[in-house]
Amino acid sequence: MIEIKNLSKTFTLKGQNIDAVRDVSLTIQDGDVYGVIGYSGAGKSTLVRCINLLETPDSGSLRVNDSDLITFENGKLLYGASRTPMKEKQLNAMRRSIGMIFQHFNLLDRSTVFDNVAYPLKYSGMNRKEIKDRVHEMLQLVDLTDKRDAYPSQLSGGQKQRVAIARALANHPKILLSDEATSALDPDATESILALLRHLNEKLGLTIIAITHEMAVIKSICRHVAVMEDGRVVEEGNVYDVFAHPKQDITKHFVASASALNRVDKLLHDDSPLVQVQPGELLVKLLFSRDSVGDSVISQISRDFNVSINIVLASVEVLEGSPLGGMIAIFKGTEENMHGALDWMKAHHVEVEVLRRG
Ligand SMILES: Nc1ncnc2c1ncn2[C@@H]1O[C@H](COP(=O)(O)OP(=O)(O)O)[C@@H](O)[C@H]1O
Ligand SMILES: [Mg+2]
């Protein structure tokens, strides 16, 4: 488990204070895939760098795996109930227990794939044979055994990230921090790296913290998510609940950015024929969640309220095994029936918004 409590980190740059992380508290369970999403500059990288102590927080506390509590005070790291200053050895052991991967891979360009993966094992006390076996095991895990003698420049972006993952896991950490690991990759390579991370989570029980500005990453692999804005966590919970019922504007933005329904704004703006309504018609946006499955709702209202429904746009996806999505449709019927249909849907957990009235 990772417990972060009231963590803050301020940088000073040219006499100006930048509060990169402000009073963040999060708990991440073992074996979870936990996403942190936010725009550039939100403080995501600083937050993860505080977890493996690449960055020293100014205040707050942290507990990682079964370690004692680490408390931060005026740039000091105090360990355990006795609050003794943390020793270099403890710090290194803790860093080794957490792997990390980056957007630009951070490989050693002049070293082969083998040497890149072997690098973190140098100071582990393993002998040459053990290192060779471990590197082989890691390259098998990421499906790159045939590239052991290649140099990074001879690899695709996706292959480079696989090498970085093998290196990050060489010490068998329980936690992997991923800082925008797929942001520099094309869609195919992104999908294959996300599939690998999912596999590692399931096969090894690896806890993954995935920092990203892309909703697709969160939807693809995360079970929980925190939304960061201006150094703070503004919304947090399981992925389905956060995305089905976003509360903060920024979360709504992220949800909208990933939905095909968003195209309706452009259609409205362009006054497309698709969104023209005649007198007696309504253009409505419906959002469904697991409490209100789309199909049965539509057939029910057209039957019970005698409302005809012309679907303009629809997008339903499956998140954590449950459907989530919605549609833009034109309703046609008597005033009374249409109101009846809208009220019925609201009572059945469909979010309803009337975009245009004819
Ligand atoms: N080493 C540093 N020195 C000064 N300011 C920094 C440093 N690292 C990050 N920052 C600032 O802290 C804020 C958060 O940065 P960062 O954690 O990298 O955000 P994100 O990863 O969400 O893009 C930004 O305003 C950034 O400019
Ligand atoms: Mg960053």
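In case you missed it, the structure is sitting above this.
Residues numbered from 1 in each chain as written. Chains lettered and ligands numbered in written order. Predicted model: local features only at pLDDT ≥ 70, side-chain atom pairs only at ≥ 80, totals over all residues. Heavy atoms only, no water.

Quick look at the overall build of the protein now. Helix and strand content of the protein: twelve helices and 16 strands. Each principal axis of the C-alpha atoms in the protein carries an extent, and together these give about 80 × 50 × 40 Å. A total of 358 residues make up the protein; the buried ones form 47% of that total. For the protein, the share of sequence-separated contacts (at least 6 apart) that also reach a separation of at least 24 residues comes to 67%. The average position of the 41 basic charges and that of the 46 acidic charges among the side chains of the protein differ by 8 Å. (Helix = DSSP H or I, 4+ residues; strand = E, 2+ residues; numbered from the N terminus. Buried < 20%, exposed > 50% of the residue type's maximum accessible area, 1.4 Å probe, protein only. Contact = heavy atoms within 4.5 Å. Lys, Arg positive; Asp, Glu negative; His and termini not counted. Charge placed at Lys NZ, Arg CZ, Asp CG, Glu CD.)

Moving on, we come to the sheet that holds strand β13 (residues 281-288). Taking strand neighbours across the sheet as the criterion, the four strands line up as β14-β15-β13-β16 in an open arrangement whose pairing is antiparallel. The open sheet is flanked by β14 (308-319) and β16 (351-357), the only strands paired with a single partner. Across this sheet, the average inter-strand angle for adjacent strands is 15°, counted without regard to direction. One ladder, built from eleven bridges, connects β14 with strand β15 (residues 322-332); its direction is antiparallel. Pairing of Leu 319 across the sheet is with Ser 322, part of β15. Lying on the sheet, helix α12 (residues 335-347) is in contact with β13, β15 and β16; it crosses β13 at an angle near 10°. (Pairing = 2+ DSSP bridges. Axes fitted to C-alpha atoms, helices over the stretch in contact; angles between N-to-C directions.)

This next bit is on the sheet that holds strand β6 (residues 76-79). The strand order β2-β1-β4-β5-β6-β7 describes an open sheet built from six strands, whose pairing is antiparallel. Edge positions in the sheet fall to β2 (16-28) and β7 (84-85), since each of these pairs with one other strand and no more. Bridge count between strand β1 (residues 2-13) and strand β4 (residues 59-64): five bridges; the pairing is antiparallel. Paired with Glu 3 across the bridge in β4 is Arg 63.

Between helix α5 (residues 157-169) and helix α6 (residues 187-204), the least distance of the axes is 9 Å, while the angle of their chain directions is 20°. Regarding the angle of α5 to α6, the classification is roughly parallel. Note that α5 runs across α6; the crossing there is right-handed. When α5 is examined against α6, the residues Gly 158, Gln 161, Arg 162, Ile 165 and Leu 169 are found in contact with a partner set consisting of Ala 189, Ser 192, Ile 193, Leu 196, Leu 197 and Leu 200. (Parallel < 35°, antiparallel > 145°, perpendicular 65-115°, else oblique. Left-handed = near helix turned anticlockwise from the far one by under 90°.)

To continue, consider the environment of Gly 325. Structurally, Gly 325 is set in strand β15. With relative accessibility at 13%, the residue Gly 325 sits in the buried group. Through-space distance from the C-alpha of Gly 325 to that of Asp 32 is 25 Å; in sequence the pair is 293 residues apart. Excluding anything up to four places from it in sequence, Gly 325 contacts Leu 286, Leu 287, Phe 288, Ser 315 and Val 316.

Take α5 next. Here α5 is 13 residues long and its end C-alpha atoms lie 18 Å apart, about the 18 Å a rise of 1.5 Å per residue gives. Of all 13 residues in α5, ten are buried, a share of seventy percent or more. Burial in α5 covers these residues: Gly 158, Gln 161, Arg 162, Val 163, Ala 164, Ile 165, Ala 166, Arg 167, Ala 168 and Leu 169. Buried-residue contacts for α5 involve β8 (98-102), α3 (113-118), α4 (128-141), β9 (175-179) and α6. (Expected span 1.5 Å × (residues − 1).)

In the vicinity of ligand 1, the contacting residues are Phe 11, Ile 18, Ala 20, Tyr 39, Ser 40, Gly 41, Ala 42, Gly 43, Lys 44, Ser 45 and Thr 46. Within the contact set of ligand 1, an oxygen atom lies 3.0 Å away from a backbone nitrogen or oxygen of Gly 43. Measuring from an oxygen atom of ligand 1, one finds a side-chain N or O atom of Thr 46 at 2.5 Å. Protein coverage of the free-state accessible area of ligand 1, which is 560 Å², stands at 64%. At the level of elements, β2 and α1 (44-51) are the ones that each hand at least two residues to the shell around ligand 1. Here the shell around ligand 1 takes three residues from α1, the largest share from any one element. Split into classes, the residues belonging to the shell around ligand 1 amount to five nonpolar, five polar and one charged. (Near = heavy atom within 4 Å. Polar contact = N/O pair within 3.5 Å; in protein donor to acceptor, adjacent residues only side chain to side chain. Areas by Shrake-Rupley, 256 points an atom, 1.4 Å probe, with all protein chains shown as cover. Nonpolar A, V, L, I, M, F, W, Y, C, P; charged D, E, K, R; others polar.)

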